[in-house]
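An overview of the molecular structure
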Amino acid sequence: MKELEDKVAVITGGGSGLGRELALGCARRGMKLVLADVDESGMQETVTEVEKAAPGTGTATMKVDVSRLEDVEALANLAKERFGGAHLLFNNAGVGINAPIWENTVGDWNWVLGVNLYGVAWGIKVFAPIMLEQGEGHIVNTASAAGWMNMAGSGIYNVSKCSVVAMSETLANDIKDVGGNVGVSCLSPAFFPTPIIESERNRPAEHAETAPDSEARRKREEQLRQAVTKGKLSAEEVAEITIKAVEANQFYIFPHQKIKQLILARAEAVQDEKTAFDPTAGR
Ligand SMILES: NC(=O)c1ccc[n+]([C@@H]2O[C@H](COP(=O)([O-])OP(=O)(O)OC[C@H]3O[C@@H](n4cnc5c(N)ncnc54)[C@H](O)[C@@H]3O)[C@@H](O)[C@H]2O)c1
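Remark: a regular strand shows side chains that alternate across the two faces of the sheet. In terms of burial, strand β6 (residues 182–187) is largely enclosed, as six of its six residues are buried. Burial of the side chains of β6 extends over both faces: Val182, Val184 and Cys186 are buried on one face and Gly183, Ser185 and Leu187 on the other. In this sheet, β6 lies alongside strand β5 (residues 137–142) in parallel orientation, the contact comprising six bridges. Counterpart to Val140 in the pairing with β6 is Ser185. Between the parallel elements β5 and β6, the chain passes through helix α5 (residues 155–178) in a crossover that is right-handed. Here two bridges tie β6 to strand β7 (residues 252–253), and the two strands are oriented parallel to one another. Counterpart to Cys186 in the pairing with β7 is Tyr252.

Written out as structure tokens, the structure reads:
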């Protein structure tokens, strides 16, 4: 979608990290914003920063749990009522968790897949028909490098993010199949510093039962904390790369270009058939 000015951006997970930076980038381009998050104070902070960066931006917020279809339907109604539609959807809300995969509980699976997988599925289900009917739109799904390779200790997250890659490629092909004018992008960043390492802060009580505090879990959590904190690109840079890719109607977005070499190395491991590809081997 080349022209973003005066269009409407809907951003899930708009109360923190990448979602906040996407909001700022869209506001600077003259877009109207509809922010969705379970964290209302985080969204208010985003609104304050948007007002500073781009005074007068039209902004609406809604407390939304993206794992609930009815919440996402209410979000779409808000976008229609306040701004007459939705042109650019960022299915961006996401949470992380670490543990050896056999230690993860039913609560861990339901929580993480609820946000990272069903959250994206409901965004597509609700907003794709609106955009197809409008005759224009673009959907960006936030996957991850973890959608393409499977580090130890991140089992559910890996599963959720490879599902996002699958949903994105399928969505693009489905839209092509019906001749729709809706763009799709699959965003796959490596680590960048955000509060994602504190994902438990927004974990609902109904999914509270989690994996034991094992040594293996603690080790992986610490590794992840280090990797996220030391990430080379900032959330602002990832957001800017992403919005520029939307303007260029680009499908695959790899803000950290080195990830593509690892994907090729994985393809070689597949060709070789001997061992599971380990993206951290040799580091
Ligand atoms: N930070 C990284 O290193 C990294 C790397 C690759 C991909 N990602 C992805 O980027 C996206 C944004 O994450 P971030 O790094 O900005 O983390 P973040 O924790 O700063 O932001 C995530 C936001 O999602 C919200 N959220 C959580 N559960 C929700 C729910 N049920 N409904 C609605 N909102 C909910 C949180 O409140 C938070 O505001 C995620 O999809 C994440 O998986 C992050």
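We are not done yet, so read on.
All told, the structure shown has four aromatic pairs when counted by the stated rule. A connected cluster of aromatic rings, assembled from ring pairs, spans Trp148, Phe251, Tyr252 and Phe254.

As a further point, take the side chain of Ser168. Within the secondary structure layout, Ser168 lies in helix α5. Look at Ser168 and you get buried, because its relative accessible area is 0%. Within polar-contact distance, the side chain of Ser168 engages the backbone oxygen of Val164 at 2.6 Å. Once you skip the residues sitting within four places of it in the chain, Ser168 turns out to touch Asn141, Val184, Cys186 and Phe251.

Turning next to the nonpolar core. Counting residues in each nonpolar core, the largest one holds 50 residues, and the members touching the most others are Val10, Val34, Leu75, Phe127, Met167, Leu171 and Ile259. By residue number, the principal contributor to this core is helix α4 (residues 106–134), which donates 13 residues. Setting aside chain neighbours within four positions, we find Val34 in contact with Val8, Ala9, Val10, Ile11, Ala60, Leu75, Leu78, Ala79 and Phe83. One finds Leu18, Val140, Ala239 and Ala245 within the second-largest nonpolar core, a separate group that totals 29 residues.

On to the environment of Gln223, then. Mapped onto the elements of the fold, Gln223 is located in helix α6 (residues 215–229). With 70 residues separating them in the primary sequence, Gln223 and Gly153 have C-alpha atoms 9.7 Å apart.

Our focus in this paragraph is the sheet that holds β7. The strand order across the open sheet formed by seven strands is β3-β2-β1-β4-β5-β6-β7, and the pairing between neighbours is parallel. Strands at the two margins of the open sheet, each flanked by one partner only, are β3 (59–63) and β7. The strands that α5 touches are β5, β6 and β7; relative to β6, the one it contacts most, it runs at about 160°.

In this section: the site of the ligand. Taken together, 31 residues sit near the ligand, with Ser16, Asp37, Tyr157, Thr194 and Asn202 positioned nearest. In this structure, an oxygen atom belonging to the ligand sits 2.6 Å away from a side-chain N or O atom of Asp37. Arg201 places a polar side-chain atom, nitrogen or oxygen, 3.1 Å from an oxygen atom of the ligand. When isolated, the ligand has an accessible area of 820 Å², and the protein chains bury 97% of it. Looking at the shell around the ligand, its residues break down into 16 nonpolar, 10 polar and five charged.

We now examine the packing of helix α1 (residues 17–28) against helix α2 (residues 40–53). Relative orientation of the contacting elements α1 and α2 amounts to 30°, with a least axis distance of 10 Å. Overall, the two elements α1 and α2 adopt an arrangement that is roughly parallel. Here α1 runs over α2; the crossing is right-handed. On the side of α1, the interface is formed by Arg20, Ala23, Leu24, Ala27 and Arg28, while α2 contributes Gly42, Glu45, Thr46, Glu49, Val50 and Ala53. In terms of residue class, the contact of α1 with α2 is built from five nonpolar, two polar and four charged.

What follows concerns the side chain of Ser16. Mapping Ser16 onto the fold places it in the loop between β1 (8–12) and α1. Using a relative accessible area of 17% as the deciding quantity, one classes Ser16 as buried. In this structure Ser16 touches Asp37, Thr46, Pro195 and Arg201, once residues within four positions along its chain are discounted.

About the thresholds
Residues numbered from 1 in each chain as written. Predicted model: local features only at pLDDT ≥ 70, side-chain atom pairs only at ≥ 80, totals over all residues. Heavy atoms only, no water. Buried < 20%, exposed > 50% of the residue type's maximum accessible area, 1.4 Å probe, protein only. Helix = DSSP H or I, 4+ residues; strand = E, 2+ residues; numbered from the N terminus. Pairing = 2+ DSSP bridges. Right-handed = clockwise from strand over helix to strand, strands pointing away. Phe/Tyr/Trp six-rings, centres within 6.5 Å; stacked < 30°, edge-to-face > 60°. Polar contact = N/O pair within 3.5 Å; in protein donor to acceptor, adjacent residues only side chain to side chain. Contact = heavy atoms within 4.5 Å. Core = buried A, V, L, I, M, F, W, Y, C linked by side-chain atoms within 4.5 Å. Axes fitted to C-alpha atoms, helices over the stretch in contact; angles between N-to-C directions. Near = heavy atom within 4 Å. Areas by Shrake-Rupley, 256 points an atom, 1.4 Å probe, with all protein chains shown as cover. Nonpolar A, V, L, I, M, F, W, Y, C, P; charged D, E, K, R; others polar. Parallel < 35°, antiparallel > 145°, perpendicular 65-115°, else oblique. Left-handed = near helix turned anticlockwise from the far one by under 90°.

None of this, on its own, says anything about what the molecule does.
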